[in-house]
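Spelled out from the first residue to the last, the chains are:
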Amino acid sequence: MTKTSNDDDLALAFDECIARGDAVEPRDWMPEGYRATLVRQISQHAHSEIIGMQPEAEWISRAPSLHRKAILIAKVQDEAGHGSYLYSAAETLGVARDDLFEMLLTGKQKYSTIFNYPMLSWADVGVMGWLGDGAAIVNQVPLSRCSYGPYARAMVRVCKEESFHQRQGFDLIQAMMAGTDEQKQMVQDAVDRWWWPCLMLFGPSDRHSSHSKQSMAWGIKRFSNDELRRRFVDQAVPQIEHFGLTVPDPELRWDESAGCYKFGEIDWEDFKSVMQDGGPLGKERIAHRQRVHDEGAWVREAAEAYARKQDERLSA
Ligand code: 3HC
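Residues numbered from 1 in each chain as written. Predicted model: local features only at pLDDT ≥ 70, side-chain atom pairs only at ≥ 80, totals over all residues. Heavy atoms only, no water.

Chemist: What's the story with the packing of aromatic side chains in this structure? I'm lost.
Modeler: What characterises a pair of aromatic rings is the spacing of the ring centres plus the angle enclosed by the ring planes. Enumeration over the complete set of coordinates arrives at 13 aromatic pairs. With a centroid separation of 6.4 Å and an interplanar angle of 75°, the aromatic rings of Y117 and W194 are classed as edge-to-face. Remark: W194 occurs in helix α8 (residues 181-200) and Y117 occurs in the loop between α5 (97-105) and α6 (122-140); sequence separation between them is 77 residues. Neither Y117 nor W194 differs from the other in exposure class; each is buried. Taking the centre distance of 6.4 Å and the plane angle of 75° together, the rings of W130 and F170 count as edge-to-face. One end of the pair, W130, is in helix α6; the other, F170, is in helix α7 (residues 149-177), with 40 residues separating them in the sequence. Summarising the burial analysis for this pair, W130 and F170 share the class buried. (Phe/Tyr/Trp six-rings, centres within 6.5 Å; stacked < 30°, edge-to-face > 60°. Helix = DSSP H or I, 4+ residues; strand = E, 2+ residues; numbered from the N terminus. Buried < 20%, exposed > 50% of the residue type's maximum accessible area, 1.4 Å probe, protein only.)

Chemist: Teacher, can you tell me more about the site of the ligand here?
Modeler: Neighbouring residues of the ligand: 32 residues in total, closest Q44, K110, S209, H211 and K221. Contact distances for the ligand include 2.7 Å between an oxygen atom and a side-chain N or O atom of Q44. At 2.9 Å from an oxygen atom of the ligand is found a side-chain nitrogen or oxygen belonging to D133. Isolated, the ligand exposes 1000 Å² of accessible area, and the fraction of that covered by the protein chains is 91%. Taken atom by atom, the bulk of the ligand overlaps the largest pocket. For the shell around the ligand, the secondary structure elements donating two or more residues are α2 (32-51), α6, α7 and α11 (268-277). Take the shell around the ligand: its biggest share by element is 6 residues, from α2. Classifying every residue of the shell around the ligand gives 11 nonpolar, 14 polar and 7 charged. (Near = heavy atom within 4 Å. Polar contact = N/O pair within 3.5 Å; in protein donor to acceptor, adjacent residues only side chain to side chain. Areas by Shrake-Rupley, 256 points an atom, 1.4 Å probe, with all protein chains shown as cover. 1 Å grid on protein atoms, 1.4 Å probe; cavity = no way out; pocket = protein on both sides within 12 Å on 5 of 7 lines; lining within 4 Å. Sits in = over half its atoms within 2 Å of the grid points. Nonpolar A, V, L, I, M, F, W, Y, C, P; charged D, E, K, R; others polar.)

Chemist: I'm lost on the nonpolar core in this one. Help?
Modeler: It is characteristic of soluble globular proteins that their nonpolar side chains tend to be buried jointly. Counting 78 residues, the largest nonpolar core has Y34, W130, Y148 and F232 as its most contacted members. Looking at which element gives the most residues to this core, the answer is α7, with 10 residues. Dropping the residues within four chain positions of it, W130 is found in contact with Q166, G169, F170, I173, V191, Q239, I240, F243 and L245. (Core = buried A, V, L, I, M, F, W, Y, C linked by side-chain atoms within 4.5 Å. Contact = heavy atoms within 4.5 Å.)

Chemist: Could you clarify how one ought to interpret the pattern of salt bridges in this entry?
Modeler: Oppositely charged side chains can pair when the atoms bearing their charge come close. Taken as a whole and assessed by the stated rule, the structure comprises 14 salt bridges. Put simply, E56 and K75 hold a salt bridge, and the shortest N to O gap is 2.4 Å. Of this pair, E56 sits in helix α3 (residues 53-57) while K75 is found in helix α4 (residues 66-91), placing the two residues 19 residues apart along the sequence. For K75, a relative accessible area of 0% puts it in the buried group. Of the charged contacts, one joins R229 and D226 as a salt bridge, the two residues approaching to 2.7 Å between their closest N and O atoms. Linking R229 with D226, this pair stays in helix α10 (residues 225-242), spanning 3 residues, or about one helical turn. Put simply, E56, K75 and D133 are held in one network by salt bridges that share partners. (Salt bridge = Lys/Arg side-chain N within 4 Å of Asp/Glu carboxyl O.)

Chemist: Before we go on, may I ask you to explain the environment of G169 in this structure?
Modeler: Topologically, G169 is positioned in helix α7. The class for G169 is buried, based on a relative accessible area of 0%. Each C-alpha atom, one on G169 and one on D124, is 9.4 Å from the other, the two residues being 45 residues apart in sequence. Setting aside residues no more than four positions away along its own chain, G169 makes contact with G126, G129 and W130.

Chemist: I'm lost on the packing of α6 against α8 in this one. Help?
Modeler: Two numbers describe a pair of packed helices, the interaxial angle and the distance between the axes. One way to put it is that α6 packs onto α8 with a least axis distance of 9 Å and a crossing angle of 35°. Relative to α8, α6 is oriented so that their crossing is right-handed. Contact residues: W122, A123, D124, V127, M128, W130, L131, G132 and A135 in α6; M186, V187, A190, V191, R193, W194 and C198 in α8. The class makeup of the residues in the contact of α6 with α8 is 13 nonpolar, 1 polar and 2 charged. (Axes fitted to C-alpha atoms, helices over the stretch in contact; angles between N-to-C directions. Left-handed = near helix turned anticlockwise from the far one by under 90°.)

Chemist: Looking at this structure, how should I read α8?
Modeler: The periodicity of an α-helix, 3.6 residues per turn, causes residues three or four places apart in sequence to face the same way. Helix length check: α8 (20 residues) gives 30 Å between terminal C-alpha atoms against 28 Å at 1.5 Å per residue, within 8%. A maximum bend of about 35° is found in α8 at W194, where proline P197 lies one to four positions downstream. Among the residues of α8, V187, Q188, A190, V191, W194, W195, P197, C198, L199 and M200 are the ones counted as buried. Looking at the buried positions of α8, the neighbouring elements they touch are α6, α7, α10 and α11. (Expected span 1.5 Å × (residues − 1). Bend = angle between axes of the 7 residues up to and from the residue.)

Chemist: I would appreciate a short explanation of the layout of surface pockets in the present structure.
Modeler: Empty space among the atoms can be located by rolling a probe the size of a water molecule over them. Of the pockets and cavities examined, the largest pocket occupies roughly 1200 Å³. As for the largest pocket, its lining consists of 46 residues, and the residues nearest its centre are Q44, L201, F202, G203 and P204. Counting residues per element, the ones that place at least two in the lining of the largest pocket are α2, α3, α4, α6, α7, α10 and α11. Of the residues that constitute the lining of the largest pocket, the class distribution is 18 nonpolar, 16 polar and 12 charged. (Points joined across faces, edges and corners; volume = space filled by probe spheres on them.)

Right, here's the structure in full:
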């Protein structure tokens, strides 16, 4: 196809919109690369929310009290809601939800590696909320200022709910740290297990991040992976120390001149292998997702039949 002056005008209007910091809306013209980047990121984000329900849902029946069970059920339901808003935001870019599910189930699209590690004890539920959701908030609050309107608006609500998740995790850990020595040890073990996966949640280092530069130029991402990772470490370490716990990183130290923590290198080989091969639990997570997707077919069919009936009634 030959390029017309109208294409140039549209591209210029798009660039000006991004430069002014205005929101791009679904009906606005956008470059194909911008659209594809958003579909990729939003759908992978949605998949992470949906797959992320699994490790925590496994603990609902083992929660130590009715109070903790009610909180955990609410949290898992929130994650389903986040997945739903995010799939809806992706749909505004012209993709079908069924195709996105297909890409998740066939491994063509990723989800966050953090959900491919096992949750071995009740303390893991607390640490996942406190540190895992804490990391997610640091990563996601800037996305509520993303240049694409529907994604930014979805993130406002998601982040409010993630703050509640982080708070419940902190509260759970606070209760365990006021408990027995065995409970305190369970928390330390959980911190040791989840610290590095939490740092990996921010993605590859800036040097190896293939999409960051362009995503930041388009105002999709506001900060680089390393910047957000550093911000999380600066927030998390004082909280960990407040509880008398330790960070499993012998290289971690406060750097007075830089005014931030310096920390050790992530095991990038582990990150890559979990991202590519699914790590300890990838196959299980996808098989479970496939099973519940199949079992939910009647719900989707009933919803479609209902929508058809409503349409017929309206057009009669
Ligand atoms: N796990 C799996 N894959 C990851 C990853 C991770 N932790 N970090 C990066 N990747 C993938 C990217 O998706 C990309 O793969 P692709 O080219 O096949 O799409 C590749 O590694 C290169 O990474 P880039 O840094 O170049 O990619 P991005 O610019 O997209 O940055 C990101 C990665 C920081 C994760 C960004 O996409 C992002 O901020 N996404 C939105 C937030 C999100 O998805 N968070 C996932 C956690 S869900 C959650 O927080 C729920 C809570 O309850 C815990």
